[in-house]
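A look at the structure
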2 protein chains.
Amino acid sequence: MSSKTQSEPLCLRAMGSFHVGGRRVQLAGRQPYQRTMSVGGEPVSINPNGTYAVEQMYVQYYLPEHSNGRGPLIFWHGGGMTGAVWETTPDGREGWVNRFLRKGWDVYVCDAVERGRSGFAPHPDIWPEGPITQTVDDVYARFRIGAAAGGYHQDPARRASYRNTRFPVDHFDAFCLQMVPRWTHTNDAMVGAFKALLGRIGKSVIVCHSQSGPLAMRLASENPGLVSAVVGIEPAGLPVPAPNIYDTPTLIVLGGNMDSDRRWQQLSKKIDAFAREFPTIQIMRLEELGIFGNSHVLMMDDNSDDIARRVDAWLQTAMPNARDLPR
Amino acid sequence: MSSKTQSEPLCLRAMGSFHVGGRRVQLAGRQPYQRTMSVGGEPVSINPNGTYAVEQMYVQYYLPEHSNGRGPLIFWHGGGMTGAVWETTPDGREGWVNRFLRKGWDVYVCDAVERGRSGFAPHPDIWPEGPITQTVDDVYARFRIGAAAGGYHQDPARRASYRNTRFPVDHFDAFCLQMVPRWTHTNDAMVGAFKALLGRIGKSVIVCHSQSGPLAMRLASENPGLVSAVVGIEPAGLPVPAPNIYDTPTLIVLGGNMDSDRRWQQLSKKIDAFAREFPTIQIMRLEELGIFGNSHVLMMDDNSDDIARRVDAWLQTAMPNARDLPR
């Protein structure tokens, strides 16, 4: 690790975590069942009846010693991932948590409901469906490391990545380790827990990725005054239902190599149309800035620091009235 | 949060995360299935065939600006929990991550295999059994907040906690939010990933809790020279198989109110017998030090700072040869 450390230490006035939101569910009338708790142990009887705490959200916070006074900035990861996506990059560089801390933001990182340290509810007793799990092959294609299905190969030398990719492809196998199962019926629960978080910490910037893009925009449109700005890193859709009013300053950042990906071509057009409808939405197409080859996880790409700087600069113009304390 | 912040900032020379260990599994010949990815969306076809990365472990690290030079200290949580148990206490005080950082330790916090940000493998395709989930009622009894089954009540005013409990009972509902499902066949995978972690960061102190106590002692006995010391907070058992040789400096910390808990009475006797067999094992019964009422999660109790100080002092005597740099 030592070769990767930053010369400048990170100084925090506070660091910790909490869980927020969720609901209580009672189960009754179920039969106890037997389970061996460890290999070689005796079976014990487990009583499934009682109270369950479900649909809460885990939040870890890092508050820099010298805050920039612009309020909290919350990182909200995408589908099949956790807050870890904002931490260290797969090749060991500092991720956006550290980068935005160094810019003086009060940083909050969440694991969306049902993922990571947020836990998940018993299935089928409380949740109707089980989780889905992504293959490594699918991650390779969907995250635009390499084109379409079939690009992944177990032998790294035989993988078909984009020639111009800025993703650290030599560390793709390390990246895959952070993927986790996800459920597909939990959007309302996710938005509900996030609203509870905003109720606790106040008006915030939301930096979201992929699946959470449309959810964050929905949250902003449904809760005027609670979200100071949205930064959507490659949002995987638009808010459902479509909002009548959307007036939150919003930056949508789109990476490269979308021309060979049918899904992203379509999404890109929809995002254009959405932004034409609501003037507070601005699109940053990295290719239009002469920056080519960014993947779907551009906060891990080799130019992640540069993109973080551009996002931070946009936030400064989008929130001109925020108190900007000296660092 | 501001009322809970420490006056002294935490300064880190590095902070980040990685995943370690695990294995790859290929699935083939499965039928694709349909799933609606979001409420109201169109069903998409999911191909379950391909490569899965499973049984890896998530590790988050915090390296203080001024290290005490005693090497890494790894926190390993108990059953149904994640690394969050070492972070902020339910009533908002600094947890052991911050406390041990302030003592100059290089702190690593893991989510054991299958929990939290480590993710879990598809069931039943790769893992034979599904997870089990604890009720809030069960947590109340098993974590010795209140005696035996039946002590929990939805109305906080009607809960039967121990009179002398040092657990912050007014925040029990917040504590429950951090419980997550667990599997029961993953001990070997957990130990394997932990061994991979030690291979990566080198000889370390392990501070473990409950379920991970016997696993950490097994790891230490099977890998001479990789574990510099074990601190077992209420280990929920002894290593299986029983070791022939065990020479790792080990402190076992036991809380209060075990006299009304049959399971802990038995465990306590077994731990005594184990410690008599191997002289590097020392038991710290808090009641024998005149400290009464500690729960099973004593790192969250109102005297958690005092216990952290005692553990740190023991580590200084147990590792007399470690280089002790000035802070």
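Residues numbered from 1 in each chain as written. Chains lettered and ligands numbered in written order. Predicted model: local features only at pLDDT ≥ 70, side-chain atom pairs only at ≥ 80, totals over all residues. Heavy atoms only, no water.

A word on the overall build of chain A
Broken down by element type, chain A carries 7 helices and 12 strands. The C-alpha atoms of chain A give a radius of gyration of 21 Å, which matches the 20 Å a tight globule of 327 residues would have. The principal-axis extents of the C-alpha atoms in chain A amount to approximately 60 × 50 × 45 Å. Looking at chain A residue by residue over its 327 residues, the buried ones come to 60%. A sequence separation of at least 24 residues applies to 73% of the contacts in chain A between residues at least 6 apart. As displayed, chain A has an accessible area near 12700 Å², and 48% of this comes from carbon and sulfur atoms. The positive charge centre, built from 34 side chains, and the negative charge centre, built from 33, are 2 Å apart in chain A. (Helix = DSSP H or I, 4+ residues; strand = E, 2+ residues; numbered from the N terminus. Rg over C-alpha atoms; globule rule 2.2 N^0.38 Å. Buried < 20%, exposed > 50% of the residue type's maximum accessible area, 1.4 Å probe, protein only. Contact = heavy atoms within 4.5 Å. Areas by Shrake-Rupley, 256 points an atom, 1.4 Å probe, with all protein chains shown as cover. Lys, Arg positive; Asp, Glu negative; His and termini not counted. Charge placed at Lys NZ, Arg CZ, Asp CG, Glu CD.)

Focus: the packing of helix H4 (residues 187–201) of chain B against helix H5 (residues 212–222) of chain B
Angle between the axes and distance between the axes: these two values describe a pair of packed helices. All names here are of chain B. Contact geometry of H4 with H5 gives a least axis separation of 10 Å together with a crossing angle of 55 degrees. By the angle between their directions, the pair H4 and H5 is classed as oblique. Seen from above, H4 lies across H5 with right-handed handedness. Between H4 and H5, the contacting residues are Asn 187, Asp 188, Met 190, Val 191, Phe 194, Lys 195 and Leu 198 on the first element and Leu 215, Arg 218 and Leu 219 on the second. For the contact of H4 with H5, the residue count by class is 6 nonpolar, 1 polar and 3 charged. (Axes fitted to C-alpha atoms, helices over the stretch in contact; angles between N-to-C directions. Parallel < 35°, antiparallel > 145°, perpendicular 65-115°, else oblique. Left-handed = near helix turned anticlockwise from the far one by under 90°. Nonpolar A, V, L, I, M, F, W, Y, C, P; charged D, E, K, R; others polar.)

What about H4(B)?
Residues and elements named next belong to chain B. The first and last C-alpha atoms of H4 sit 21 Å apart over 15 residues, in line with the 21 Å expected at 1.5 Å per residue. Of all the positions in H4, only Asn 187, Ala 189, Met 190, Val 191, Ala 193, Phe 194, Leu 197, Leu 198 and Ile 201 are classed as buried. Phi turns positive, to about 90 degrees, at Gly 202, one or two residues after H4. (Expected span 1.5 Å × (residues − 1).)

Regarding the interface of chain B and chain A
On the side of chain A, 80 residues touch chain B, which itself brings 79 residues to the contact. The interface formed by chain B and chain A includes 8 salt bridges. Of the charged contacts in the structure, one is a salt bridge between B:Glu129 and A:Arg35, with a shortest N-O distance of 3.3 Å. Our count for the contact surface shared by chain B and chain A stands at 35 residue pairs in polar contact (both at pLDDT 80 or more). In this sheet, strand E1 (residues 10–20) of chain B lies alongside strand E1 (residues 10–20) of chain A in antiparallel orientation, the contact comprising 3 bridges. Residue pairing for E1(B): A:Cys11 is matched across the bridge by B:Cys11. (Salt bridge = Lys/Arg side-chain N within 4 Å of Asp/Glu carboxyl O. Polar contact = N/O pair within 3.5 Å; in protein donor to acceptor, adjacent residues only side chain to side chain. Pairing = 2+ DSSP bridges.)

Here we look at the relation of the copies chain B and chain A
Superposition of chain B onto chain A requires a rotation of 180 degrees combined with a translation of 0.0 Å along the rotation axis, giving an RMSD of 0.0 Å. Overall, the copies show the geometry of a two-fold rotation axis. (Least-squares fit on C-alpha atoms with pLDDT ≥ 70 in both.)

Considerations on the state of the cysteines
By definition, a disulfide links two cysteine residues through a covalent bond between their sulfur atoms. Under the defined criterion, the tally for this structure stands at 1 disulfide over all chains. A sulfur-sulfur distance of 2.1 Å marks the disulfide that ties A:Cys11 to B:Cys11. Across the S-S bond of A:Cys11 and B:Cys11 the torsion is about 115 degrees, and the bridge reads as right-handed. Linking A:Cys11 in strand E1 with B:Cys11 in strand E1, this pair reaches from one chain into another. We note that B:Cys208 lacks a disulfide partner, and the nearest cysteine sulfur, in B:Cys110, lies 9.9 Å from it. (Disulfide = S-S within 2.5 Å.)

Remarks on the side chain of A:Arg159
Residues and elements named next belong to chain A. Note that Arg 159 resides in the loop between helix H2 (136–142) and helix H3 (172–176). Reaching out from Arg 159, the side chain makes a polar contact with the backbone oxygen of Gln 154 at a distance of 3.4 Å. Non-local contacts of Arg 159, meaning those with residues more than four positions away in its chain, are made with Tyr 140, Gly 151, Tyr 152, His 153, Gln 154, Phe 172 and Asp 173.

Looking at the pairing of strand E11 (residues 250–254) of chain B
Residue and element names in this part refer to chain B. In terms of burial, E11 is largely enclosed, as 5 of its 5 residues are buried. Neither face of E11 is exposed, since Thr 250, Ile 252 and Leu 254 on one face and Leu 251 and Val 253 on the opposite face are all buried. Across 5 bridges, the pairing between E11 and strand E12 (residues 281–285) is parallel. Paired with Ile 252 across the strands is Ile 283, a residue of E12.

Regarding the nonpolar core
With 98 residues, the main nonpolar core has A:Trp96 and B:Trp96 as its most contacted residues. Beyond its immediate chain neighbours, meaning those up to four positions away, A:Trp96 contacts A:Phe75, A:Trp86, A:Glu87, A:Val207, A:Ile233, A:Leu298, A:Met299, A:Ser304, A:Ile307, A:Ala308 and A:Val311. In terms of nonpolar packing, the next biggest core, distinct from the first, is built from 59 residues, A:Val25, A:Cys110, A:Leu219 and A:Ile252 among them. (Core = buried A, V, L, I, M, F, W, Y, C linked by side-chain atoms within 4.5 Å.)

What to know about the confidence of the model for chain A
All names here are of chain A. Per-residue pLDDT for chain A has a mean of 93; in total, 94% of the residues score no lower than 70. Segment residues 1–5: pLDDT under 50, and 9 contacts once partners within four positions in sequence are set aside and those in other chains are kept. The complex prediction reports pTM at 0.96, with the ipTM value standing at 0.95. (pLDDT = per-residue confidence, 0-100.)

Comments concerning the pattern of salt bridges
Applying the stated rule across the entire model yields 44 salt bridges over all chains. Among the salt bridges present, the one from B:Arg24 reaches A:Asp173, with a minimum N-O distance of 3.6 Å. Separated into two different chains, B:Arg24 in strand E2 (residues 23–27) and A:Asp173 in helix H3 make up a pair that spans both. B:Arg93 is the partner of B:Asp91 in a salt bridge, and the nearest nitrogen-oxygen pair spans 2.9 Å. Taking relative accessible area as the criterion, B:Asp91 reaches 18% and is therefore assigned buried. Salt bridges sharing common partners tie together A:Glu94, A:Arg99, A:Arg102 and A:Asp305.

Comments concerning the packing of aromatic side chains
In total, this model carries 41 aromatic pairs over all chains according to the counting rule given. Judged by centre distance (6.1 Å) and plane angle (35 degrees), the rings of B:Tyr61 and B:Tyr108 are tilted. In this pair, B:Tyr61 sits in strand E6 (residues 57–64) while B:Tyr108 sits in strand E8 (residues 106–111), placing the two residues 47 residues apart along the sequence. Every member of this aromatic cluster is reached through a ring pair, and the members are A:Phe120, A:Trp127, A:Trp183, B:Phe120, B:Trp127 and B:Trp183. The cationic tip of B:Arg200 hangs over the ring face of B:Phe18; the distance from NZ or CZ to the ring centre is 3.7 Å. (Phe/Tyr/Trp six-rings, centres within 6.5 Å; stacked < 30°, edge-to-face > 60°. Lys NZ or Arg CZ within 6 Å of the ring centre and 35° of its normal.)

A short note on unusual backbone geometry
Of note, the bond from A:Val240 into A:Pro241 is cis; its omega dihedral lies within 30 degrees of zero at -5 degrees. You can see A:Pro241 is positioned in the loop between strand E10 (227–233) and strand E11 (250–254). Of note, the bond from B:His123 into B:Pro124 is cis; its omega dihedral lies within 30 degrees of zero at 5 degrees. Along the polypeptide, B:Pro124 turns up in the loop between E8 and helix H2 (136–142). At A:Glu114, a residue that is not glycine, the phi angle is positive and equals roughly 75 degrees. Position of A:Glu114 among the secondary structure elements: in the loop between strand E8 (106–111) and H2.

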